[in-house]
Amino acid sequence: MTTAPPSSGCPLGQETDVSCIDSSLRALWAGNEALTKASLINFAVYAESPGSLEVNTSLIQAVTRDHACRAILIAAHPSEDEPQLKAWITAHCQLSGTGGKSVCSEQIAFELSGHLRDALRNVVFAHLESDLPLVFFWQGDFSPRWEPHLYRRIDRLVIDSTTWSDPAVQLERLRTAWRDSGSHFVVLDVAWMRIFPFRQALAGAFDTALARTSLCRLNALRITHGPGHRSTAALFASWIAYKAGWSLQPDERVFVEDGTVPLSRLEVTGPGGCRIEVVREEGAQFLHVHVQVDEEEITQVSPLGTDDLATLVSERLSRGGNTPLYFKLWRQVTGWGE
Amino acid sequence: MSTDVTADNPFRDEFLTRLSPEPCTLVIFGATGDLTHKLLIPALYNLALDGELPPTLKVVAFARREKTSDEIRAEFAGSNLKQSRQGHSSEFWAGFQERIIYHQSEFGDAAGYASLGRLLAELDAARGGAGNRLFYLASAPDNFEEILSHLKEAGLNEGCHGGWARIIVEKPIGKDLASAERLNNMVAAVFAEKNTYRIDHYLGKETAQNIIVTRFGNSIFEPLWNRNYIDHVQITCAENFGMTGGRGAYYDKAGALRDMVQNHLLQLLSLIAMEPPTDLSADSVRDEKVKALRALRKFTTVDEVAQNVVRGQYVAGSVNGRSAVGYRDEDRVNPDSQTECYVAVRAFIDTWRWQGVPFYIRVGKQLPKKATEISVHFRRAPHVLFQTLPARGRSNVLVFRIQPDEGVSLRMLGKVPGLAMRMEPVKMDFRYATSFGKASPFAYERLLLDAMAGDATLFARRDEVENAWHFIDPIEQAWHQAGQPPAMTTYPAGSWGPAEADELMERDGRSWRRI
């Protein structure tokens, strides 16, 4: 359950002078014994899009249900001439299951304009909770603010590759930074989480002997995806090919844009009526899995997951990441030359 | 023919962070009982909802009453609606319930087992794989013997086509050492020890598993984990209710010592006291737990029992604003009952590590709170600097909260701000609910999955159970067979137990931790 934060009014909370953030935060908690401050990670969210602070405040409100953190939101407006740095503080409180206490996560929001955009790393580093890992959610394309002094201090990097304008270019920047950091940070792509329910459903299908007997016969796949999720579909296809040990030729992989959800259908087929389908029906609460091999058929249902960004981020934070595998899958996608 | 195993599924490997459950048929004996309705079916449903259950798993509900599969499915749906951790989806249930098949038979009817065998063979054939069978004894213990003998007679105690047959046995495992040995022999005559899973749901709780992680995953605790630094250990299991739901009939035959101490609390004690295992395999962990249980000092005389154990019954009182009757006035309890519903034990473990360190165990009904926890009380600092300050709360205490509000806290001294040198205990607190957010799977979910995967780490081995009875039996004998047994004490419902239990601690210059 979510409870009201200790400050109210502006959705970003109470505006405060940057030099007074620590004392303002202390004042936020003073005398309120029903609130417990909790923090397991430093969670920084950076965006250069207009209105991002309000949107990301809602994101943090949701993420803190599962991940107590010190949230640091930064909105940069590099194109503005007048240098300005503004800050707000607030807290997101959730009523804990026992004892009736509210467990709260602090949020500090910054708006950086003009030349102050270069103050990004300082703004982040100056407000980290000590000893806690730094999780950094970089939204959109990597800009000049993505620089070594910053990314070498990151422990986990959250991205959403579906928002990239040019995945190949962005991926190269990311890979370069990762290597330069000594493979220090783990990459957590939200798009990877979007395909998780489909990956889980496919794994469930291949738990059956019927599907596994068909594995060597399957040789083509078709993925139906929503607008803007072509790269997600390609990443999924790459994962399937990697896991099954296939080398997919262009005519063996088809991506169809249809519908509004990120992924709505996966069909893996082979000769002789051999077919495995994972389908997200409109309005359904679960994925439906159909395995058909020769005359035999099995159907299953599997968890559907969610499209909500906050839930996806929250889930992504709960799971580990395999960055070398992630890059390997992308290499295959970019190698497809599409 | 290829089999339904997840291990050679190329799409599955990265989802596996532990042994994977193998496709099998789960046969529940006593399927119409409370345990199945309230715990087993919701556990299976939630596992399926999380995508953790093998897709081809079937559940055969074996019970005596005339019923159809549709009827038992409807009944299970009703109980799942109330009990499921993640709520109940009619759409998902519709698919899930197809796994459940009702098999009507008396427990003692050989024909019922023959037809069960045919049903299992059909299910194996439909699954197209090895005949893996997991039997769950969820019936009353009185039925175990005939179930086991009929399973053997029908040849169901072995898997088919290279598969396995395992059995899960619910507590109580006996009511004393002799009956536990008898039951264990009975099980051993039908199932090998490696295929026998004695369930103790306390071991499935996150915080119980976290004891091993805290002790052996952190470098700061283990050097202090011995008689040089630890003053004593307290293990408390308090319940703020009495004989609700007709429980008196069972409880009055068992008592707190057999119902809780012999299994749950001695299991917790063994996790606290064990030496580091060489690895995390089931037998390595259980070998070390057994050594700790074997080293528990047995009471050899009635006097020793009287000196070290307090038993009690609650009398009328008030709990959480409601009046409570005394134990002997409870429904289905003998008005002259000599069964304890409170027990406090002072135990010692005769090993190099624990020589002279008392382990105080207490468990009771109708206490002020519901709480299970282990507190490790460290020795006080030498006090060279602070010897003139009050003694209260001066020692460090590490607390494992098993339930509710699962977590770990460490009490330490801090200086009170001000000009005077004044100290107060402060608490560093880790709570599962606020640190990890996500709800933990229920203990039964974890344990069912482990049994399907063949991981017995969180199940009690035969020698663990029997060594626990070795410790418990002399106490029971002193209470019930001695000419002049130690007195049965009383305490008002809603209090923290009999005064004699407080005196047990006070004699050692200690007191029970305030919970």
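Only a predicted model underlies this, so the values are computations on that prediction, with no experimental measurement involved. (Residues numbered from 1 in each chain as written. Chains lettered and ligands numbered in written order. Predicted model: local features only at pLDDT ≥ 70, side-chain atom pairs only at ≥ 80, totals over all residues. Heavy atoms only, no water.)

Student: It is not clear to me how the overall build of chain A should be interpreted in this structure. Could you clarify?
Tutor: On a plain count of helices and strands, chain A comes out with 11 helices and 16 strands. Relative to the 2.2 N^0.38 estimate, which gives 20 Å for 338 residues, the radius of gyration of chain A is 22 Å and therefore close to what a compact globule would have. For the C-alpha atoms alone, the extent of chain A along its principal axes is close to 70 × 45 × 35 Å. Counted over contacts in chain A with a minimum sequence separation of 6, partners at least 24 positions apart contribute 72%. Of the roughly 14,000 Å² that chain A leaves accessible, carbon and sulfur atoms contribute 48%. One way to put it: in chain A the 30 positive side-chain charges average out to a point 6 Å from where the 40 negative ones average out. (Helix = DSSP H or I, 4+ residues; strand = E, 2+ residues; numbered from the N terminus. Rg over C-alpha atoms; globule rule 2.2 N^0.38 Å. Contact = heavy atoms within 4.5 Å. Areas by Shrake-Rupley, 256 points an atom, 1.4 Å probe, with all protein chains shown as cover. Lys, Arg positive; Asp, Glu negative; His and termini not counted. Charge placed at Lys NZ, Arg CZ, Asp CG, Glu CD.)

Student: For this particular structure, what's the right way to read the state of the cysteines?
Tutor: A covalent bond between the sulfur atoms of two cysteines is what we call a disulfide. Enumeration over the complete set of coordinates arrives at 1 disulfide over all chains. Sulfur-sulfur distance for the disulfide between Cys 93 of chain A and Cys 104 of chain A comes to 2.1 Å. Torsion about the S-S bond of the Cys 93 of chain A and Cys 104 of chain A cystine: about 110°, corresponding to right-handed handedness. Of the two residues, Cys 93 of chain A sits in strand β6 (residues 84-95) while Cys 104 of chain A sits in strand β7 (residues 102-113), which places them 11 residues apart along the sequence. Residue Cys 93 of chain A shares its accessibility class with Cys 104 of chain A, and that shared class is buried. Cys 237 of chain B forms no disulfide, and the closest cysteine sulfur to it belongs to Cys 341 of chain B, at a distance of 13 Å. (Disulfide = S-S within 2.5 Å. Buried < 20%, exposed > 50% of the residue type's maximum accessible area, 1.4 Å probe, protein only.)

Student: Just to check I follow, could you spell out helix α2 (residues 69-83) of chain B for this structure?
Tutor: Residues and elements named next belong to chain B. Counted at 1.5 Å a residue, the expected span for α2 with its 15 residues is 21 Å, and the 20 Å between its end C-alpha atoms agrees. All of the buried residues in α2 are Ile 72, Arg 73, Phe 76, Ala 77, Ser 79 and Asn 80. Structurally, α2 contributes buried residues whose contacts are with α1 (34-49), β2 (58-63), α3 (90-96) and β3 (100-104). (Expected span 1.5 Å × (residues − 1).)

Student: Help me understand the sheet that holds strand β13 (residues 263-270) of chain A, please; the structure alone is not making it clear to me.
Tutor: Whether parallel or antiparallel, the strands of a sheet pair through hydrogen bonds between backbone atoms. Residues and elements named next belong to chain A. With mixed pairing, 6 strands are arranged side by side in an open sheet as β12-β11-β13-β14-β15-β16. Strands at the two margins of the open sheet, each flanked by one partner only, are β12 (253-257) and β16 (296-303). Across the sheet, the axes of successive neighbouring strands diverge by a mean angle of 10°, strand direction being ignored. Bridge analysis of strand β15 (residues 286-293) against β16 gives 8 bridges, and the strand direction is antiparallel. Within the sheet, the bridge partner assigned to Gln 292 lies in β16 and is Glu 297. Lying on the sheet, helix α9 (residues 230-244) is in contact with β11 (220-225), β12 and β13; it crosses β11 at an angle near 155°. (Pairing = 2+ DSSP bridges. Axes fitted to C-alpha atoms, helices over the stretch in contact; angles between N-to-C directions.)

Student: Explanation requested: the sheet that holds strand β6 (residues 196-199) of chain B in the structure shown.
Tutor: Residues and elements named next belong to chain B. The strand order across the open sheet built from 7 strands is β3-β2-β1-β4-β5-β6-β17, with neighbouring strands paired in mixed fashion. Single-partner strands in this sheet number two, and they are β3 and β17 (459-460). Taken together, the 5 bridges between strand β1 (residues 25-29) and β2 define a ladder with parallel strand orientation. Looking at the pairing, Ile 28 lines up with Ala 61 of β2. Packed onto the sheet, α1 meets β1, β2, β3 and β4 (133-137) and runs at close to 170° relative to β1.

Student: Would you mind showing me how to read unusual backbone geometry here?
Tutor: Across the chain, the bulk of peptide bonds are trans and the bulk of non-glycine residues have phi less than zero. All names here are of chain B. For the bond running from Lys 171 to Pro 172, omega is 5°, close enough to zero to count as cis. Summarising the element assignment, Pro 172 is placed in the loop between β5 (165-169) and α6 (177-188). We note that Gln 366 has phi near 55°; this positive angle belongs to a residue other than glycine. For Gln 366, the position within the fold is in the loop between β12 (358-364) and β13 (371-378).

Student: Looking at this structure, how should I read the pattern of salt bridges?
Tutor: Two side chains carrying opposite charge are able to pair once their charged atoms lie near each other. Taken as a whole and assessed by the stated rule, the structure comprises 43 salt bridges over all chains. Put simply, Glu 172 of chain A and Arg 175 of chain A hold a salt bridge, and the shortest N to O gap is 3.1 Å. On the criterion of helical spacing, the pair formed by Glu 172 of chain A and Arg 175 of chain A is a turn pair, its members being 3 residues apart in helix α5 (residues 167-180). When its relative accessible area of 37% is taken as the criterion, Glu 172 of chain A is described as partly exposed. For Arg 175 of chain A, a relative accessible area of 10% puts it in the buried group. In this structure, Asp 331 of chain B engages Arg 332 of chain B in a salt bridge whose closest nitrogen and oxygen atoms are separated by 3.6 Å. Overall, the relative accessible area of 55% leaves Arg 332 of chain B in the exposed class. Sharing partners across several salt bridges, the network here consists of Arg 222, Arg 265, Glu 267, Arg 275 and Glu 277 of chain A. (Salt bridge = Lys/Arg side-chain N within 4 Å of Asp/Glu carboxyl O.)

Student: Can you help me understand the nonpolar core in this one?
Tutor: Within the largest apolar cluster, 149 residues are counted, with the highest numbers of intra-cluster contacts made by Phe 29, Leu 44, Phe 135, Tyr 136, Trp 225, Leu 266 and Phe 359 of chain B. Residue contributions to this core peak at 11 residues, all from helix α9 (residues 256-273) of chain B. What Phe 359 of chain B contacts, discounting residues up to four positions off in sequence, is Val 233, Leu 269, Ile 272, Ala 273, Val 345, Arg 346, Ala 347, Ile 349 and Trp 354 of chain B. Cys 104, Ala 211, Leu 235 and Tyr 326 of chain A belong to the second largest nonpolar core, which has 84 residues in total. (Core = buried A, V, L, I, M, F, W, Y, C linked by side-chain atoms within 4.5 Å.)

Student: Looking at this structure, how should I read a negative patch on the surface?
Tutor: Where like charges cluster on the molecular surface, the negative patch consists of Glu 106, Asp 109, Glu 145 and Glu 146 of chain B. Relative to the helices and strands, Glu 146 of chain B resides in helix α5 (residues 144-153). (Patch = residues over 30% accessible without salt bridge, like charges linked within 9 Å, V, L, I, M, F, W, Y side chains within 5 Å.)

Student: Teacher, can you tell me more about the pairing of β11 of chain A here?
Tutor: Along any regular strand the residues' side chains alternate between the sheet's two faces. Residues and elements named next belong to chain A. Across the 6 residues of β11, 5 count as buried, placing the element largely inside the fold. Where β11 and β13 come together, 6 bridges link them in antiparallel fashion. Considered in β13, the bridge of His 225 is made with Leu 263. Where β11 and β12 come together, 5 bridges link them in parallel fashion. Within β12, the residue paired with Ile 223 across the bridge is Phe 255.

Student: Help me understand the environment of Val 333 of chain A, please; the structure alone is not making it clear to me.
Tutor: Considering the arrangement of structural elements, one finds Val 333 of chain A in helix α11 (residues 323-335). Contacts of Val 333 of chain A, omitting those with residues within four sequence positions, involve Ala 234, Leu 235 and Ser 238 of chain A.

Student: Please explain the confidence of the model for chain B as it appears in this structure.
Tutor: Reading fine detail from the predicted coordinates is not recommended where pLDDT is low. All names here are of chain B. Of all residues in chain B, 93% attain a pLDDT of 70 or more, and the chain-wide mean is 89. Ranking the elements of chain B by mean pLDDT puts helix α12 (residues 432-435) last with 67 and strand β11 (residues 342-348) first with 98. Every residue in residues 1-5 is under pLDDT 50, and counting partners more than four places away or in other chains gives 23 contacts. (pLDDT = per-residue confidence, 0-100.)

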